[in-house]
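Understanding the architecture of this molecule
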Amino acid sequence: MITRRRLAAGAGALLAVLTAGLAWPSTALADETTARQPKVDLVLDVSGSMRARDIDGQSRMAAAKQAFNEVLDATPEDVQLGIRTLGANYPGDDQKRGCRDTAQLYPVGPLDRTEAKAAVATLVPTGWTPIGPALLKAADDLDGGTGSKRIVLISDGEDTCAPLDPCEVAREIAAKGIGLTIDTLGLVPNTRMRQQLSCIAEATGGTYTSVEHTDELTDRVNQLVDRAADPVVTPVATEGGTECAEAPTLESGLYTDREEFGQQRWYRVDVRPGQELRASVSVSADREVSPGYGVLLRAVTVHGREIVRGEAAGHGRTDVISTGLRYPKPETDDEDAPAEAVCLQVTTSFSPAPGVKTTPGLPLELTLDVVDGPSDADDVAAFGLGRGWWLLGVLILAGFLAGLLWGWVSRWRIAVWRTN
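The notes below deal with the structure included here. Quantities reported herein were computed from a predicted structural model and do not represent experimental measurements.

1. Some details on the overall build of the chain
In terms of helices and strands, the chain carries nine helices and 16 strands. The buried share of the chain, reckoned over its 420 residues, is 45%. For the chain, the proportion of contacts with a sequence separation of at least 24, taken over those separated by at least 6, is 75%. About 22,300 Å² of surface is accessible on the chain, with carbon and sulfur atoms providing 55% of the total.

2. A word on the side chain of Asn222
Mapping Asn222 onto the fold places it in helix H8 (residues 214–229). Using a relative accessible area of 16% as the deciding quantity, one classes Asn222 as buried. Once you skip the residues sitting within four places of it in the chain, Asn222 turns out to touch Glu70, Val71 and Ala74.

3. What about the state of the cysteines?
In total, this model carries three disulfides according to the counting rule given. Covalent S-S linkage joins Cys99 and Cys161, the inter-sulfur distance amounting to 2.0 Å. Classification of the bridge connecting Cys99 and Cys161 rests on its S-S torsion, roughly -100°, and on that basis the disulfide is left-handed. Here Cys99, found in the loop between helix H3 (95–98) and strand E3 (102–109), pairs with Cys161, found in the loop between strand E4 (149–155) and helix H6 (166–175); they are 62 residues apart in sequence, far enough to count as distant. Exposure remark for Cys99: the relative accessible area of 15% places this residue in the buried category. A sulfur-sulfur distance of 1.8 Å marks the disulfide that ties Cys244 to Cys343. Of this pair, Cys244 sits in the loop between strand E7 (236–237) and strand E8 (249–250) while Cys343 sits in strand E15 (residues 340–348), and the two are 99 residues apart along the sequence.

4. Quick notes on the sheet that holds strand E14 (residues 320–328)
Taken together, five strands build an open sheet; the order of strands is E7-E9-E16-E11-E14 and the sheet is mixed. Since the sheet does not close on itself, it has two edges, and those belong to E7 and E14, each with one partner. The sheet contact formed by strand E11 (residues 275–284) and strand E16 (residues 362–372) spans nine bridges and is antiparallel. In the sheet register, Val281 faces E16, and the bridge partner there is Leu366.

5. With respect to the nonpolar core
Counting 31 residues, the largest nonpolar core has Leu42, Leu44, Ile154, Leu185, Leu217, Val221 and Val225 as the members making the most contacts within it. Elements with a minimum of two residues in this core: strand E1 (39–45), helix H2 (60–74), strand E2 (80–86), helix H4 (113–121), E4, strand E5 (180–187) and H8. Residue contributions to this core peak at seven residues, all from H2. Ranked by size, the runner-up nonpolar core spans 29 residues in total, among them Ala285, Val342, Leu362 and Leu366.

6. A look at the pairing of strand E10 (residues 264–271)
Note that E8 and E10 share two bridges and pair parallel. Note that in E10 the partner of Leu250 across the bridge is Val269. Pairing analysis gives eight bridges linking E10 to E15, with the strands arranged antiparallel. Bridge pairing links Val269 to Val342 in E15.

7. Thoughts on a negative patch on the surface
Taken together, the side chains of Asp56, Glu70, Glu212, Asp215, Glu216 and Asp219 make up a negatively charged region of the molecular surface. Element by element, the count of residues in the negative patch is highest for H8, at three residues. Position of Asp56 relative to the elements: it lies in the loop between E1 and H2. The class for Asp56 is partly exposed, based on a relative accessible area of 45%.

8. Concerning unusual backbone geometry
For the peptide bond that leads from Thr359 to Pro360, omega is -10°, which places it in the cis range. The residue Pro360 is located in the loop between E15 and E16 in this model. For Asp56, which is not a glycine, the phi torsion comes out positive at approximately 55°.

9. Concerning a nonpolar patch on the surface
Taken together, the side chains of Leu397, Phe400, Leu401 and Leu404 make up a nonpolar region of the molecular surface, amounting to roughly 420 Å² of accessible area. Here Leu404 shows up in helix H9 (residues 388–419).

10. Details of H4
The set of residues buried in H4 consists of Ala116, Ala119 and Val120. Viewed along the axis of H4, the buried residues span an arc of 100°, placing them on a single side of the element. For H4, the exposed residues lying more than 90 degrees away from the buried face are Thr114 and Ala121. Tucked into the core, H4 has its buried residues touching H2, E2 and E3. The residue sitting at the N-terminus of H4 and contributing the capping side-chain oxygen is Asp112; that oxygen lies 3.2 Å from the backbone nitrogen of Thr114.

11. Let's talk about the sheet that holds strand E13 (residues 306–314)
Pairing within the open sheet is mixed, and its five strands lie in the order E8-E10-E15-E12-E13. Each of the sheet's edge strands pairs with one partner strand only, and the pair in question is E8 and E13. In this sheet, E15 lies alongside strand E12 (residues 293–300) in antiparallel orientation, the contact comprising six bridges. Across the sheet, the residue bridging to Val300 is Cys343, located in E15.

12. Some words on the environment of Gly304
Mapped onto the fold, Gly304 is located in the loop between E12 and E13. Under the relative-accessibility criterion, Gly304 is labelled partly exposed at 46%. Taking the C-alpha atoms as reference points, Gly304 and Cys244, 60 residues apart in sequence, are found 8.7 Å from one another.

13. As for the packing of H2 against H8
Close contact between H2 and H8 brings their axes to 9 Å; oriented N to C, the two are set at 35°. Crossing hand, H2 versus H8: right-handed. Facing Ala63, Ala64, Gln66, Ala67, Glu70, Val71 and Ala74 of H2, the residues of H8 in contact are Thr214, Leu217, Thr218, Val221, Asn222, Val225 and Asp226. For the contact of H2 with H8, the per-class residue count stands at eight nonpolar, four polar and two charged.

Conventions and cut-offs
- Residues numbered from 1 in each chain as written.
- Predicted model: local features only at pLDDT ≥ 70, side-chain atom pairs only at ≥ 80, totals over all residues.
- Heavy atoms only, no water.
- Helix = DSSP H or I, 4+ residues; strand = E, 2+ residues; numbered from the N terminus.
- Buried < 20%, exposed > 50% of the residue type's maximum accessible area, 1.4 Å probe, protein only.
- Contact = heavy atoms within 4.5 Å.
- Areas by Shrake-Rupley, 256 points an atom, 1.4 Å probe, with all protein chains shown as cover.
- Disulfide = S-S within 2.5 Å.
- Pairing = 2+ DSSP bridges.
- Core = buried A, V, L, I, M, F, W, Y, C linked by side-chain atoms within 4.5 Å.
- Patch = residues over 30% accessible without salt bridge, like charges linked within 9 Å, V, L, I, M, F, W, Y side chains within 5 Å.
- Salt bridge = Lys/Arg side-chain N within 4 Å of Asp/Glu carboxyl O.
- Lys, Arg positive; Asp, Glu negative; His and termini not counted.
- Charge placed at Lys NZ, Arg CZ, Asp CG, Glu CD.
- Arc of directions from axis to C-beta.
- Polar contact = N/O pair within 3.5 Å; in protein donor to acceptor, adjacent residues only side chain to side chain.
- Axes fitted to C-alpha atoms, helices over the stretch in contact; angles between N-to-C directions.
- Left-handed = near helix turned anticlockwise from the far one by under 90°.
- Nonpolar A, V, L, I, M, F, W, Y, C, P; charged D, E, K, R; others polar.

Shown next, in the form of structure tokens:
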């Protein structure tokens, strides 16, 4: 009897272990899938000005509620969505209290459409417009996970909580390198509000949209939520060195950094014989800069010899400037030949407009791709001049022919002179 009980207990324990072993991978896989899901935080202005009745014959608040209900119905299942308010709770005149008036109406996570709609239905236009503090809190709402992160800000007025400039807040969020994008929508906008919301969006690579009708608001928010669900490559935050010896060694991928005005950034990439390095860099002027600027991308050896370069110039007509280069490293018969460290130097010539803050630095995006090099061994780019060798050959031939012609003409003129 005792033996049977022990056998039964042992079998039960074994079954429990097997069950736990089967369940653990499923749980781990579910957690990993959840971590990769995109996150969206809808930030809605519920300040007193949202009472204005100038959107399709109804109040701005009513238009926003209608749009939110339709957006909640259309939100993809794999998107974790939340709703944050600003100016929804404090109706008084104390600016200090009014500028703390931001709250999470519905937490970012799996969407319960009925619960989210019930929360939106309770909103009543109330107080101030603390856009800056709301953006800081919204960034915290989206913390964690590896999926895309997007804030959609809907407002009908300027921030009323100076000196906390919401545009500077957006730049600080972008400087963290967490891949968070802020899109802004202005309800019945004026010039100053349009400028502020545009600046917030541009600081993080987002978009600004002017809205004057309910269907426009619904369509645009739906587009932005759907865009968050699209697969994206999130840049990896890095910090370049002040010289090649201190530079981080990077692999193929997309990287983001910040570069101060007048500063140089250095990065290292290992390239093996027979491989080709392709690199491009984009620098965005996320604030007002003086006209006339440029960006230079150089590939040099660890000893400082330039291999190849790319450069571009701008004159104030665009706020993003890009350049690139490619370097195929020649093949070798030595199978054990080590990889060569190539140093990439990024230099810009931006200068801030008067009164513009210089920190954090301008956003920089670096794309690196190390691939198998061209099979044609005489690819002229392998010698560091890119396709310039062709031009050099043409110039040499043209110079040789011109010299022959000039010599023949000179001898003919001398012969004629002697005859005369």
